[in-house]
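If you want the building blocks of each chain, they are given just below.
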Amino acid sequence: MKPIDVWFVLPPDLVLLDFAGPAEAFRIAALRGGAFRVRVAAAEVAATTSLGVTLGRVETLPAALQADDLLIVCGSTNDEAALASKPGRALVRWLRDVGGTPRRFACVCAGALFAARAGLLDGRRCTSHHLEIEALRREAPSAQVLDSRVFVEDRGCYTSAGITAGIDLALHLIAELASPQLSVEVARHMVVYLRRAPDDVALSPWLDGRNHMDAGIHRAQDALTRAAHENWPLPRLAARAHVSVRTLTRHFRDATGLSVRDYHARLRYALARQALATGVSVEAAATMAGLGSARQLRRLWLEQTGATPRG
C-alpha cells in the first residue's frame, strides 16, 4: 500500500508541541504498520520556534500536493506577527494556491488563522485555541467558529484547540485513515490517558472544576478521580475531605459549580467512553465505570450527551 504523505507545514515562531505531538503520533503509527510517511515543510529552510531553537532540514513548501495527502498546518505563538512576516505571508499564499488540493487538511491551534486568511475555512465549522477564537472569527467571518472544542470536523477540514489537543486530533485521523485499533495502540504508546472525540469540550472532565482553592473539596475530588468506578456515599466522601456532609455538599457546589452526584457522573461517563474506545461492549464498559448494568450506562450516557452509546 502506498503510504499517505502527512505534510506538517510549519509557520514562523512555531509552537513546538503543536508539531511534535501530532508528528510523533503519526511516526509511531507508521512504525506499527500504518501507511503513513511524515514530511515537514516550511516557507524557509529553517523554522523558528517559540522555544528559541531552530528546526533545520525541513523541506521547502511543495509546488503541488496529491488528493490523498494529509496537510496539517501547525500554530504560531505570536500569530499576528507571524501572519505579517515574510514567511507567514508566503505560507498563506501557498495555502491559497495548493492547500485546497488534499481531500483532508487539518489545523492545530493558531494554524487555523493561516488557513482562514487563505480562505480555506470559509463556510465551515471550525475552532482553535480559546485565546485565538476571536482572532479566528475576524479572519474567517463566514465560518462558524465554535468555542471550547477539542477539535471540530467539517467536510474534510479538521481544526483543533491546539497544544495537547493536536495529539487528540492526530489519533482521530489515524483511526479514520488506518484503524481505531492502531489509534488505541498509539495512544497507549504515548501514554495518552483519555482520547477525546470531535466536538468534545476542550477541558477534560478530570480537570474540570479544579480551579478553586478549597483544600477539602480538592481532597474529595482526588478521591473521586482515583476511584471513579466505586460508589461514594456522601458520609464516606465527607470523611475523605475531613468535613461534615452538609459542608461537603455546600462547598462542593460553590467550588465546582456542580453537585457531588453530577461531578461523579461525569467521571463515570469518561471512564465508559474510554472503555468503549478500546472496543469493549456496552455491558463491559458499564462494569468498568462502576455501573450495575448496560441500562444504567445508557441512562447516564443520555444524561451526558442526549444520545445513547454505540457498542
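Above: the structure in question.
Cut-offs applied
- Position labels on residues start from 1 in each chain and follow its written sequence.
- Given that this is a predicted model, residues contribute local features only at a pLDDT of at least 70 and side-chain atom pairs are listed and counted only at 80 or more, while totals for whole chains, interfaces and linings are drawn from all residues.
- Think of the side-chain values as coming from all heavy atoms in the structure, minus any hydrogens and water.
- Only DSSP runs of H or I with at least four residues qualify as helices, and only runs of E with at least two residues qualify as strands; both kinds are numbered from the N terminus onward.
- Here the globule rule reads 2.2 Å times residues to the power 0.38, and the radius of gyration is calculated from C-alpha atoms.
- The criterion used for residue contact is that any of the two residues' heavy atoms lie within 4.5 Å.
- Method for areas: the Shrake-Rupley scheme with a 1.4 Å probe, in which residue coverage is limited to the protein chains shown.
- Only protein chains enter the accessibility calculation, which uses a 1.4 Å probe; a residue whose area is less than 20% of its type maximum is buried, one above 50% is exposed, and one in between is partly exposed.
- Counting rule applied: Lys, Arg positive; Asp, Glu negative; His and chain ends not counted.
- By definition here, a salt bridge exists when the distance from a side-chain nitrogen of Lys or Arg to a carboxyl oxygen of Asp or Glu is within 4 Å.
- Pairing of aromatic rings covers Phe, Tyr and the six-membered ring of Trp, with a centre-to-centre limit of 6.5 Å; geometry is then stacked below 30 degrees between planes, edge-to-face above 60, and tilted otherwise.
- Axis geometry follows a simple rule: fit a line to the C-alpha atoms, using only the stretch in contact for helices, then measure angles between N-to-C directions, giving values from 0 to 180 degrees.
- If an angle is under 35 degrees, it is roughly parallel; if it is over 145, roughly antiparallel; if it lies from 65 to 115, roughly perpendicular; otherwise it is oblique.
- What makes a crossing left-handed is the near helix being turned counterclockwise from the far one by less than a right angle; a clockwise turn instead makes it right-handed.
- All amino acids are sorted into three groups, where Ala, Val, Leu, Ile, Met, Phe, Trp, Tyr, Cys and Pro are nonpolar, Asp, Glu, Lys and Arg are charged, and the leftover types, Gly among them, are polar.
- Two strands qualify as a pair provided DSSP detects at least 2 bridges between them.

### Considerations on the overall build of the chain
Looking only at helices and strands, the chain has 13 helices and eleven strands in total. For the chain, whose C-alpha radius of gyration is 22 Å, the value lies close to the compact-globule estimate of 19 Å for 311 residues. Across its three principal axes, the chain shows a C-alpha extent of roughly 65 × 40 × 35 Å. Long-range pairs, those at least 24 residues apart, make up 63% of the contacts in the chain between residues at least 6 apart in sequence. Within the structure as shown, the chain displays about 14,700 Å² of accessible surface, and the carbon and sulfur contribution to it stands at 52%.

### Structural notes on the side chain of E132
As for its placement among the helices and strands, E132 is situated in the loop between β8 (125–126) and α5 (133–139). Within the buried core, E132 has no salt-bridge partner, and the shortest N-O distance to an opposite charge, that of R138, equals 7.1 Å. Those residues in contact with E132, other than ones at most four positions away along the chain, are D79, A110 and L113.

### Brief notes about the packing of aromatic side chains
Pairs of aromatic rings are described using the distance from one ring centre to the other and the angle between the two planes. Using the criterion set out here, one finds five aromatic pairs in the structure. Considering the side-chain rings of F8 and F26, the 6.3 Å spacing of their centres and the 70° angle between planes classify their relative orientation as edge-to-face. Taken together, the positions of F8 in strand β1 (residues 4–10) and F26 in helix α1 (residues 16–31) put the pair 18 residues apart, joining distant regions of the chain. Here F8 and F26 have matching classes, each one buried. A connected cluster of aromatic rings, assembled from ring pairs, spans F8, F19, F26 and F36.

### Concerning the packing of α1 against helix α7 (residues 180–189)
Running from amino to carboxyl end, α1 crosses α7 at an angle of 120°, the nearest separation of the two axes being 9 Å. Taken as axis vectors, α1 and α7 run oblique relative to one another. Here α1 and α7 pass one another in a crossing that is right-handed. In this structure, α1 uses A25, I28 and A29 to contact α7, whose residues at the interface are L182, V186 and H189. Here the contact of α1 with α7 is composed, by residue class, of five nonpolar, one polar and no charged.

### A closer look at unusual backbone geometry
We note that C109 has phi near 55°; this positive angle belongs to a residue other than glycine. Relative to the assigned elements, C109 resides in the loop between β7 (104–108) and α4 (111–117). The phi dihedral of H242 falls on the positive side, at around 65°, and the residue is not glycine. Within the secondary structure, H242 sits in the loop between α9 (234–241) and α10 (245–256). Looking at H242, the relative accessible area reads 62%, which means it is exposed.

### Side note on the pairing of strand β11 (residues 157–160)
Residue alternation in β11 divides its side chains into two sets, C157 and T159 and Y158 and S160, and both sets are buried. Taken together, the four bridges between β7 and β11 define a ladder with parallel strand orientation. Each bridged residue has a counterpart across the sheet, and for V108 the counterpart in β11 is S160. Relative to β11, strand β10 (residues 151–154) runs antiparallel, the two sharing four bridges.

### Quick notes on the pattern of salt bridges
In this structure the tally under the stated criterion is 14 salt bridges. A salt bridge links R39 to D5; its shortest N-O distance comes to 3.4 Å. On the criterion of sequence distance, the pair formed by R39 in strand β2 (residues 36–42) and D5 in strand β1 is long-range, its members being 34 residues apart. Linked by salt bridges that have partners in common, D5, R37, R39 and E59 make up one network.

### A look at the pairing of strand β6 (residues 70–73)
Residues L70 and I72 point to one face of β6 and L71 and V73 to the other, with burial holding for every one of them. Looking at chain direction, β1 and β6 are connected through four bridges and run parallel. The residue bridging V6 from the neighbouring strand is L70, located in β6. By the bridge criterion, four bridges tie β6 to β7 in an arrangement that is parallel. Directly across from L70, in β7, lies its bridge partner R104.

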